[in-house]
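Residues per chain, in single letters:
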Amino acid sequence: MNVMTSIGEDTWTVAGRTFRSRLIVGTGKYKSFEQNAAAVAASGAEIVTVAVRRVNIADPKQPMLTDFIDPKQIVYLPNTAGCFTADEAIRTLRLAREAGGWTLVKLEVLGEAKTLYPDMIETLRATEILAKEGFDPMVYCADDPIAAKRLEEAGAVAIMPLGAPIGSGLGLQNEVMIRIMVENATVPVLVDAGVGTASDAAVAMELGCDGVLMNTAIAEAKDPVMMATAMRLAVESGRLAYRAGRMGKRRYADPSSPLAGLI
Amino acid sequence: MVYDGTVSIRVNGSHRRVRQGMTLAELALELGLEPTRVAVERNLEIVPRSTLAEVVIEDGDDYEIVTFVGGG
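Residues numbered from 1 in each chain as written. Chains lettered and ligands numbered in written order. Predicted model: local features only at pLDDT ≥ 70, side-chain atom pairs only at ≥ 80, totals over all residues. Heavy atoms only, no water.

Engineer: So what's going on with the overall build of chain A? Which residues, and what values?
Structural biologist: Of regular secondary structure, chain A possesses 10 helices and 10 strands. For chain A, the C-alpha radius of gyration of 20 Å lies close to 18 Å, the compact-globule estimate for 263 residues. Taken over the C-alpha atoms alone, chain A extends approximately 85 × 40 × 35 Å along its principal axes. Here chain A holds 263 residues, and the buried ones make up 48% of them. (Helix = DSSP H or I, 4+ residues; strand = E, 2+ residues; numbered from the N terminus. Rg over C-alpha atoms; globule rule 2.2 N^0.38 Å. Buried < 20%, exposed > 50% of the residue type's maximum accessible area, 1.4 Å probe, protein only.)

As structure tokens, this is what we get:
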């Protein structure tokens, strides 16, 4: 049997939209738009996160992100990074919906600048309002299975717990909690933040996450395009390992060669 | 209000004087912006893109004009 046939089509769906790539990448911190576009291509990502900011009125002819990453080819996921209250986040996403014309958005309401840890009270409040206004919010959240349930009930179309603080590159510090959230969720669960290198992304996928979202791990690598490739392979590998079903763990050795017939 | 045929507004936090009777589409043109790439908020209310050519700027208006930029 052909290997690819046995692996089969493996897609995931969020808010009625189906994707093949399980890697979502950010578009911040790159040295240039060219490097950013090359990294996105190497990552195989079908979704990129973007920020909403004031246009540069002093120099409106400056190159723009949309000149390098075509929103018709790659889904732009507007993010509320930098918002510390539900009201700021909602205001940002209303503008994003008008600028882009779509309702799939990433909600992120931060609690404080030092840890960029989510403020779950404000996050939940914003999720409720956004869902009522017709948005499809994918929600950055704490690694709290109960809070995640509340978000789902409020209308979150995806749950996106942090694996470690945003931009820290520490790798998943909370594998047990992430696994519990995956088991409990009825919407996609994606690790959002904390990935530092390829093995971290593989760990997230092996836990059963539907995807991984990252920015700094690629943008701050010495060779971002090569790291984007590594992340694509890691997400694919971790996903396949999860689907394949890993062996059980043993406390002691178990020989791979038969004991019978030993000379 | 100064009676010189202009009105005083704020755009992205900066003060600006524009011709009285100017529409938002005309303001976008004057600022060199591509209207299909931006979103406009007027006094905290979203202005639908389809109405930019109809909305007349009024004295004291406060505008935010935003677009998508790189981010995480």
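Engineer: Before we move on, can you summarise unusual backbone geometry with the specific residues and values?
Structural biologist: Residues and elements named next belong to chain A. For Ala-15, which is not glycine, the phi dihedral falls at a positive 50°. Within the element layout of this structure, Ala-15 appears in the loop between β1 (12-14) and β2 (17-19). With a phi close to 50°, Leu-116 is a non-glycine residue in the positive phi region. Mapping Leu-116 onto the fold places it in the loop between β6 (104-107) and α5 (120-132). Given a relative accessible area of 23%, Leu-116 falls into the partly exposed group.

Engineer: Any details on the nonpolar core? Residues and values, ideally.
Structural biologist: Counting residues in each nonpolar core, the largest one holds 67 residues, and the members touching the most others are A:Ile159, A:Met214, A:Ile218 and A:Met231. Ranked by the residues each element gives to this core, the list is headed by helix α4 (residues 86-100) of chain A, at 7 residues. Ignoring sequence-local partners within four residues, the contact set of A:Met231 consists of A:Leu23, A:Val195, A:Gly196, A:Thr197, A:Ala198, A:Ala201, A:Met214, A:Ala217 and A:Ile218. Listed in part, the 19 residues of the second largest apolar core include B:Val40, B:Val47, B:Tyr63 and B:Ile65. (Core = buried A, V, L, I, M, F, W, Y, C linked by side-chain atoms within 4.5 Å. Contact = heavy atoms within 4.5 Å.)

Engineer: Account for the packing of α4(A) against α5(A), naming residues and giving values.
Structural biologist: Residue and element names in this part refer to chain A. Contact geometry for α4 and α5: axes closest at 9 Å, N-to-C directions at 35°. With respect to the hand of their crossing, α4 and α5 are arranged in right-handed fashion. When α4 is examined against α5, the residues Ala-86, Asp-87, Ile-90 and Leu-93 are found in contact with a partner set consisting of Glu-122, Arg-125, Ala-126, Ile-129 and Leu-130. Per-class residue counts for the contact of α4 with α5 are 6 nonpolar, no polar and 3 charged. (Axes fitted to C-alpha atoms, helices over the stretch in contact; angles between N-to-C directions. Left-handed = near helix turned anticlockwise from the far one by under 90°. Nonpolar A, V, L, I, M, F, W, Y, C, P; charged D, E, K, R; others polar.)

Engineer: Explain the pattern of salt bridges to me, and be specific about the residues and the numbers.
Structural biologist: All names here are of chain A. For the structure on display, the rule yields 21 salt bridges over all chains. Here Glu-122 makes a salt bridge to Arg-125, at a shortest N to O gap of 3.5 Å. Taken together, the residues span about one helical turn, with Glu-122 and Arg-125 both in helix α5 at a distance of 3 residues. Using a relative accessible area of 32% as the deciding quantity, one classes Arg-125 as partly exposed. When the shortest N-O distance is used, the salt bridge between Arg-232 and Glu-236 registers 3.9 Å. Taken together, the positions of Arg-232 and Glu-236, both in helix α10 (residues 224-244) and 4 residues apart, correspond to about one turn of that helix. Classification of Glu-236 by relative accessible area gives partly exposed; the value is 41%. One salt-bridge network, held together by shared partners, links Asp-10, Arg-22 and Arg-239. (Salt bridge = Lys/Arg side-chain N within 4 Å of Asp/Glu carboxyl O.)

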